[in-house]
Each structure stands twice: as C-alpha cells, then as structure tokens.
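# Structure at a glance
Next come the chains, spelled out residue by residue.
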Amino acid sequence: MREERRATWARWGTPEQAKPLPEAVAGLLKQVFDVTPPGPVTVLDAVSAPAPALAEMALAALVAVVGAEHVGTEAAERALHASGKSTPDLFHQRTGELPALPAAVVAPADHEQVLAVLAVCAEHRLAVVPFGGGTSVVGGLAPEADGYLTLDLRRLDRLVAVDPVSRTAVLQAGLPAPRADELLAEHGFTLGHVPQSYEYATIGGFAATRSSGQASAGYGRFDDMVVGLTVATPRGTISTGRAPASSAGPDLRRLFLGSEGAFGVIIDVTVRVRPLAAQRHYEGWRFESFTDGAAAARRLAQDGPRPTVLRLSDEVETMLGAAGRGRGDGGCLLVVGHEGASVEHAVAQTAAVLRECGGQELGPEPGEQWAAHRFDAPYLRDALLDAGAFAETLETAAFWSALPGLYDAVREALFAALPVPSMVLCHVSHVYETGASLYFTVVTAYGDEPVARWQRAKAAANDAIIAAGGTISHHHGVGTEHRDWFAQEIGPLGVDVLRAVKRELDPAGVLNPGILVP
Ligand SMILES: Cc1cc2nc3c(=O)[nH]c(=O)nc-3n(C[C@H](O)[C@H](O)[C@H](O)COP(=O)(O)OP(=O)(O)OC[C@H]3O[C@@H](n4cnc5c(N)ncnc54)[C@H](O)[C@@H]3O)c2cc1C
C-alpha cells in the first residue's frame, strides 16, 4: 500500500519519524553551545487566519473548474501551503508567526483544469503559486502578492507512458519521487535522482528548480535527464522535446527548466530512464586534507572512472560524522558509490586512482553507513531545533580553479556574521569535469532573533559567493531569497530577457510574482 506523502507541519518528517541526536553530538551541543530547548511548537490546528480575501466570483469560477472538494479554504490547509522547508520556514511554523497564507489551495485533476485555473487567475488578477512537494528552501512558495492562490499539483500523479526502446518515460508533475521510482520499477527502470528531499519532492519541482541529487555524478542532474516538457501558461500550452538532440534553434526546454513557476505550470516531463541497478558498492576513503580529497575527486571527475556517488566532507564535517558514530579518524572522508549492471571493474579502477592520489581505503563500512543514513539530515535538523540549536544549509558551485577561494570566502563571511561559537561544515556534493559544488551546513545556538541573524549571515555568504566567482545556487534555485544575487549573476540585460519572456507568457503577471524574476 502506498504511503500518502503530504507536506508536514513545523518539521521535516512527522513527529513519529523523529530521530534522536547521536549522544556524542547532543553532548557536544550542550558543552559547546550551552543550548536550552525552546518553548512548545505551535499546533497546526491552533493556527488561525482571517477568512480568505477571495472575490466571490473568483471562488465560484475555481469551484466550477475543479469541484468544491478540491478548493481548500480552511486555515490549516492554507497554512500548510504557505511556505517551504527552510529553517526560517520551520521557525515561523514553530512560533506561529506565519507569512501571508494563500487565499485557497486548489488541486486540479489534469492539464485542462490547470489551463482553466490559470485563465481564472489571469481574469481576476489573482497570483498563483504552483506547489509540488513544498520542499523549497529559497522562498519559492511565498510570492510577493497581497493574496494568492496555491495550485497544488498532487492529483497529477500518473506515469503516462514508458518507451523501453528509447528508455524514456513521461511522468506527471505532481508525482512524488518515491512513487515515480515505484512506478518505473514495475518496468525495470529507475530515474536515479536522489536528492536529500527525495521523500517529499516531486517531478515537477525537480524540473522547475533544476534539482541535483546525491547520485548525480553517475545519473546526471535532473535537468540533464529531461528530454521533453509540457507546460501550461496563461497564453496556452508549450510542448518541447521532439528528439534526443536538435539543432533547431535555441533549446526551449532550457527556458522552462529552472523557471520556478514564473513562466508556466509544468504538467508533465519526459525523462531519460536507466535500468534498475543490478549491483551497488559503497565505500569510504580517507584523505589527509580537504585539498587532497578535492584533487582526487577532480581526477575521477575529469579522467574517470566516474562513480555514481562522489562526496567529500571537509575536516569539520568528517569529525562530526565520526563523532556521531563513536569514532575519530581525523582527515577527510570521501564516500564513493558505484551502481550499475556490473560494478567490479569500476570499483577496482577507482580504487587504483584514489590510492595513487594518496587516499587510504576505509572499506565498505563508511560508505554503507552514509547510504543507510542518506536521508537523516533533515530529521536531525528537527532534533537540533528541538534542542535549541539553529541549523541551516547553503550551497554554491564554481570551476575547480576557483573552488578553494570560494570555500575560504564563504567560511570567512559566515564566521564574521555568526556569533561565537558557531560551526560551519562543508562537503563537495557534486562533481563535474570542470568544477564542483560546495554544500555548507551552519550550526549555532538560537540566541535572540535567530532568523534575522541567519538572514544577515546568509546575505554575507551570498555576497562572498558572487565576489569569489561562484553561482548563487547549484541546486536549490532562486526563489525570493536568491533573487537579488541572481540578478547580479546574470546582469541587467539577462534580467530584461527574463522579464520579456515572462511578459509574453504571463501578460497579467499572475505566475509566482517576485519569485525568480527580479
Ligand atoms: C531537507 C531538504 C533537502 C534538500 N535537498 C536537496 C537536494 O539534495 N537537491 C536539490 O536539488 N534540492 C534539494 N532541496 C530543495 C528542494 O527539495 C528542491 O528544490 C526540489 O526540487 C523542490 O521540489 P518540490 O516538488 O518540493 O517543489 P516545491 O517546493 O513545491 O516548489 C519549488 C518551486 O518550483 C515551483 N514548482 C513546483 N512544481 C511546479 C510545476 N509543476 N510547474 C511549475 N513550477 C513548479 C514552485 O512554485 C516553487 O517556486 C532540499 C530541500 C530540503 C528541505
């Protein structure tokens, strides 16, 4: 029986799924940060909200399109859809200091209903926010609009077609990732897209944010898997992707990948699929320093063999991970995973390269441990928040030559903006021939106004990223939170191009106002 995956309140998982902090980490928190648990979390049923400011006519038109049972106007339903899952989002839910709630949550059944809802929104000048799994961490679900509608895509949850000859599948946008994999597995295929938000995020969300997963070294980023898209806009529908490759003008797929609901609503995605892996092998390697480990990762990314998973923790992250497992080896941990029809040869070749690069073989245990706990971090964030510690992440990417400078610049900016003591952990999360991404985790005590303080630290880190030549986001997207730095990254002409596209597709300006497009 399939488990229903819906947005949860004030935490990542449900309270029943809560994971305790490892004893050593809890001890460290008490000792270093002297944290005390905060007050009780606001209960969802206690959330009150003014009656939705939705014109009678608009409400009646929406009900006529999707049916009354698919238009939610209760405070709890609206509150659940008012934000994503960044730590500030969780804080607002925990304290009950919520942002503006949507006027209603509408769940269309199909493409035609999405087009009809968009027409109602355009006619009534009602802002509309596509909602997939609700896991955005960049304010992608909180538009700058007085009153808006949430378009929940959960009913678009079918595997439409599989083409085993071409190895492609058409998946509807509202499919949660685990369900998509379950349906593909019935045909012997997998997506191979495993972000840490896997349990809740959807196919449409992955495409709309150009997501990247833990196995992207081997399977590629989500935007590389997409061979076609159907997008509903207030002006009608656009379908892209007739062939595996094309020289027929600019690639319109790329216009909608990463468009974060600002240009249209993704209805379905045609993706390249791979056969389910018959073999898998995960292992750990120790490097003396982050620099040595990064050099080894670069060697594999550039000269091969390319593992399916390649992930390098810096000294602090390695130390904390080891402390959680009651060990302390020092150095930096590189997790290497191979998946495929037959992995023996690749495992041996990879080992030869890593040995040559000065790596010390730790065997399968650290790799298997990582794989077994690959989805734990957001549950541990809940436990940290329960304990009174603030934990949040940020990520970027740069070419290999700029990576060491970027690493130093972000750490310096964060330490300068955060109170003492604070912890900044980092890992290389994705590798490419030409560069890699860096994923930072920050842990500090709540203190006064933790959200405002984090926003100052994040702004300082964002400035440092742009100055050091990194991108403002490698996989979380732009939303509202990265928008100003995104504008710096693409320049005024780039911003004008995006605005022109939006004007053409969304003349009334109702799609996700304030998100992505400056
Ligand atoms: C704990 C945690 C871990 C994460 N780990 C990763 C990770 O490893 N890799 C990664 O890439 N990201 C990660 N993220 C970020 C997030 O999960 C991704 O951005 C994901 O792709 C969003 O999918 P979603 O279905 O939840 O989209 P939502 O959060 O619902 O929406 C994201 C944005 O896309 C728009 N949108 C959603 N669906 C559609 C659609 N059908 N058509 C048009 N626009 C749409 C929304 O309006 C919004 O602006 C993580 C987030 C959390 C909270």
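Shown above is the structure to which this text applies.
To keep things clear, this report deals only with the structure shown in the data block. Owing to the predicted nature of the structure, the values given are computational and were not obtained by experimental measurement. (Residues numbered from 1 in each chain as written. Predicted model: local features only at pLDDT ≥ 70, side-chain atom pairs only at ≥ 80, totals over all residues. Heavy atoms only, no water.)

A word on helix α15 (residues 377–387). What α15 keeps buried is the set Pro378, Tyr379, Arg381, Asp382, Ala383, Leu384 and Leu385. With its phi angle positive at about 100 degrees, Gly388 sits one or two positions after the end of α15. (Buried < 20%, exposed > 50% of the residue type's maximum accessible area, 1.4 Å probe, protein only. Helix = DSSP H or I, 4+ residues; strand = E, 2+ residues; numbered from the N terminus.)

Once that is clear, we can look at the packing of helix α16 (residues 403–417) against helix α17 (residues 450–467). Contact pair α16 / α17: the axes reach a minimum separation of 8 Å and the direction vectors enclose 155 degrees. The orientation of α16 with respect to α17, classified from their angle, is roughly antiparallel. At the point where α16 passes α17, the crossing takes the right-handed sense. Along the contact surface, α16 presents Leu406, Ala409, Val410, Ala413, Leu414 and Ala417, while α17 presents Arg453, Trp454, Ala457, Ala460, Ala461, Ala464 and Ile465. Split into classes, the residues belonging to the contact of α16 with α17 amount to 12 nonpolar, no polar and one charged. (Axes fitted to C-alpha atoms, helices over the stretch in contact; angles between N-to-C directions. Parallel < 35°, antiparallel > 145°, perpendicular 65-115°, else oblique. Left-handed = near helix turned anticlockwise from the far one by under 90°. Contact = heavy atoms within 4.5 Å. Nonpolar A, V, L, I, M, F, W, Y, C, P; charged D, E, K, R; others polar.)

Our next topic: the pattern of salt bridges. One pass over the structure, following the stated rule, counts 21 salt bridges. For the salt bridge of Arg154 with Asp152, the shortest nitrogen-to-oxygen distance reads 2.7 Å. For Arg483, the salt bridge identified is with Asp484, shortest N-O distance 3.8 Å. By relative accessible area, which is 46% here, Asp484 ends up partly exposed. Salt bridges sharing common partners tie together Arg210, Arg221, Asp223, Asp224 and Arg254. (Salt bridge = Lys/Arg side-chain N within 4 Å of Asp/Glu carboxyl O.)

Before going further, it helps to examine the nonpolar core. If you look at the biggest cluster of nonpolar residues, it comprises 49 residues, and the most contacted ones within it are Leu171, Ile203, Phe222, Leu229, Val269 and Val271. Per element, the largest residue contribution to this core is five residues, and it comes from helix α18 (residues 483–505). Here Leu229 is in contact with Ala207, Ile238, Ser239, Thr240, Arg253, Phe256, Leu257, Ile266, Asp268 and Val269, once residues within four sequence places are set aside. Membership of the second largest hydrophobic core comes to 44 residues, among which are Ala294, Leu354, Phe390 and Val451. (Core = buried A, V, L, I, M, F, W, Y, C linked by side-chain atoms within 4.5 Å.)

Let us look at the site of the ligand. By nearness alone, 35 residues border the ligand, and Pro130, Thr135, Gly140, Ser197 and Thr202 come closest of all. Between the ligand and Gly132 there is a distance of 2.7 Å, counted from an oxygen atom to a backbone nitrogen or oxygen. Elements supplying a minimum of two residues to the shell around the ligand: β3 (127–131), α7 (203–209) and β10 (265–272). With five residues, the top contributor of residues to the shell around the ligand is α7. For the shell around the ligand, the residue count by class is 14 nonpolar, 19 polar and two charged. (Near = heavy atom within 4 Å. Polar contact = N/O pair within 3.5 Å; in protein donor to acceptor, adjacent residues only side chain to side chain.)

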